[in-house]
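# Examining the three-dimensional arrangement
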Amino acid sequence: MSFIASALLLTGCAFLLLAAIGLVRMPDLYIRMSSSSKAVTLGVSCLAVGLAVSMSDATVTTRAILLIVLFFLKAPVAAHMLGRAAYLTGVPLWKATTIDEMKGAGDSLEQLRNTTPAGSESD
Amino acid sequence: MTVIGLCFAILCLALLLAFVRLVQGPSVADRVVALDLMAIVSVGLIIVHGVATSLPVFLDAAIILALVTFAGTIAFAKYLERRRPQ
């Protein structure tokens, strides 16, 4: 195994460890998610590139690229959906958070949910 | 091959830290995030094992585990949002 492959593998593992440390240490669900989802993307990408370098095979490289693209697509989507669901279920923000751009979004969604059955009743 | 052993050790430590958050997480969403991270660290473990054995099959397993994890996280988020009105 070449030096580049081992360096990439160690970097990827270090990023995954950083994501786990951020998940434990950060004060708030949203900060935890923002720290872990980005580090996870970079860590798995480094690991996949390390695997592609250590194998040096065209099919393996293609699949590694597929894995990287998959992670770049899925990590933001999953983090967004989970964060939205957590905000709407009322998971509290950290006390030092100053900007809450979704303030009132839960209320309007509740309103929408309450008005929809009334409209369907009149039909 | 000591690099592989070091990678396994680091990833096991990451798995353990994510498990701490899974146990103590105050809300359900915290636990879902911790489970997601644990699955992704498992993807990393599979990739490192693929490097150790130099079998390319493990990369397929990693891709499939990542896809299944994504579907599970989306399902959990949908469930949390649907369950909200009490």
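Residues numbered from 1 in each chain as written. Chains lettered and ligands numbered in written order. Predicted model: local features only at pLDDT ≥ 70, side-chain atom pairs only at ≥ 80, totals over all residues.

### Examining the nonpolar core
Grouped together as the largest cluster of nonpolar side chains are 60 residues, with contacts concentrated most on L16 and L82 of chain A together with L37 and I47 of chain B. Looking at this core, the elements that each hand over two or more residues are α1 (3-25), α2 (29-55) and α3 (58-88) of chain A together with α1 (2-24), α2 (28-53) and α3 (57-83) of chain B. (Core = buried A, V, L, I, M, F, W, Y, C linked by C-beta atoms within 7 Å. Buried ≥ 20, exposed ≤ 12 C-beta atoms within 10 Å, placed from the backbone. Helix = DSSP H or I, 4+ residues; strand = E, 2+ residues; numbered from the N terminus.)

### Focus: the packing of α1 of chain A against α2 of chain B
Running from N to C, α1 of chain A and α2 of chain B point in directions that differ by 165°, and their axes come no closer than 11 Å. The orientation of α1 of chain A with respect to α2 of chain B, classified from their angle, is roughly antiparallel. In this structure, α1 of chain A crosses over α2 of chain B, and the sense of that crossing is left-handed. Residues L9, G12, C13, L16, A19, A20 and L23 of chain A of α1 of chain A lie in contact with α2 of chain B, whose contacting residues are V33, A34, L37, V41, G44, V48 and V51 of chain B. Of the residues belonging to the contact of α1 of chain A with α2 of chain B, the class tally is 12 nonpolar, 2 polar and no charged. (Axes fitted to C-alpha atoms, helices over the stretch in contact; angles between N-to-C directions. Parallel < 35°, antiparallel > 145°, perpendicular 65-115°, else oblique. Left-handed = near helix turned anticlockwise from the far one by under 90°. Contact = placed C-beta atoms within 7 Å. Nonpolar A, V, L, I, M, F, W, Y, C, P; charged D, E, K, R; others polar.)

### Quick notes on the interface of chain A and chain B
Contact with chain A, which involves 45 residues of that partner, is made by 42 residues of chain B. Going through the elements one at a time, α1, α2 and α3 of chain A are the ones with two or more residues in the side of chain A that touches chain B. With 15 residues, the single largest contributor to the side of chain A that touches chain B is α3 of chain A. When grouped by side-chain class, the residues that make up the side of chain A that touches chain B number 32 nonpolar, 8 polar and 5 charged.

### Comments concerning the environment of V24 of chain A
Inspection of the secondary structure assignment puts V24 of chain A in helix α1. On the basis of neighbour counts, which here come to 17 C-beta atoms within 10 Å, the residue V24 of chain A falls in the partly exposed class. The residues touching V24 of chain A, leaving out its near neighbours within four places in the chain, are L17, V20 and R21 of chain B.

### Section: the packing of α3 of chain A against α2 of chain B
Axis separation between α3 of chain A and α2 of chain B bottoms out at 10 Å; the angle between their running directions is 165°. In terms of their interaxial angle, α3 of chain A and α2 of chain B are classed as roughly antiparallel. Crossing of α3 of chain A against α2 of chain B: the hand is right-handed. When α3 of chain A is examined against α2 of chain B, the residues A78, L82, A85 and A86 of chain A are found in contact with a partner set consisting of A29, V32, V33 and D36 of chain B. Residue classes in the contact of α3 of chain A with α2 of chain B are distributed as 7 nonpolar, no polar and 1 charged.

### Looking at the environment of R32 of chain A
When you line up the elements, R32 of chain A lands in helix α2. For the pair R32 of chain A and S56 of chain A, spaced 24 residues apart in the sequence, the C-alpha separation amounts to 36 Å. Excluding residues within four positions of it along the chain, R32 of chain A makes contact with G22, L23 and M26 of chain A together with V33 of chain B.

### Describing α3 of chain B
Every α-helical turn comprises 3.6 residues, leaving residues that sit three or four positions apart pointing alike. Given a rise of 1.5 Å per residue, 27 residues ought to cover 39 Å, and the 39 Å separating the end C-alpha atoms of α3 of chain B matches this to within 8%. Summarising the contacts, the buried residues of α3 of chain B are in contact with α2 and α3 of chain A together with α2 of chain B. (Expected span 1.5 Å × (residues − 1).)

### Thoughts on unusual backbone geometry
Glycine aside, a negative phi is what most residues show, and trans is what most peptide bonds show. Residue and element names in this part refer to chain A. At S56, a position not held by glycine, the phi torsion is positive, near 50°. Topologically, S56 is positioned in the loop between α2 and α3. Overall, S56 belongs to the exposed group, with 10 C-beta atoms counted inside 10 Å.

### Observations regarding α3 of chain A
If you check α3 of chain A, its first and last C-alpha atoms are 45 Å apart, about what 31 residues at 1.5 Å a residue would give, namely 45 Å. A positive phi of about 90° marks G90 of chain A, the residue just after α3 of chain A.

### Describing the environment of A19 of chain A
Residue and element names in this part refer to chain A. As for its placement among the helices and strands, A19 is situated in helix α1. The exposure class of A19 is buried, given the 26 C-beta atoms found within 10 Å. For the pair A19 and A39, spaced 20 residues apart in sequence, the C-alpha separation works out to 5.4 Å.

### Overview of the confidence of the model for chain B
With 95% of its residues at a pLDDT of 70 or more, chain B shows a mean pLDDT of 90. Both confidence scores are given for the complex: pTM 0.86, ipTM 0.90. (pLDDT = per-residue confidence, 0-100.)

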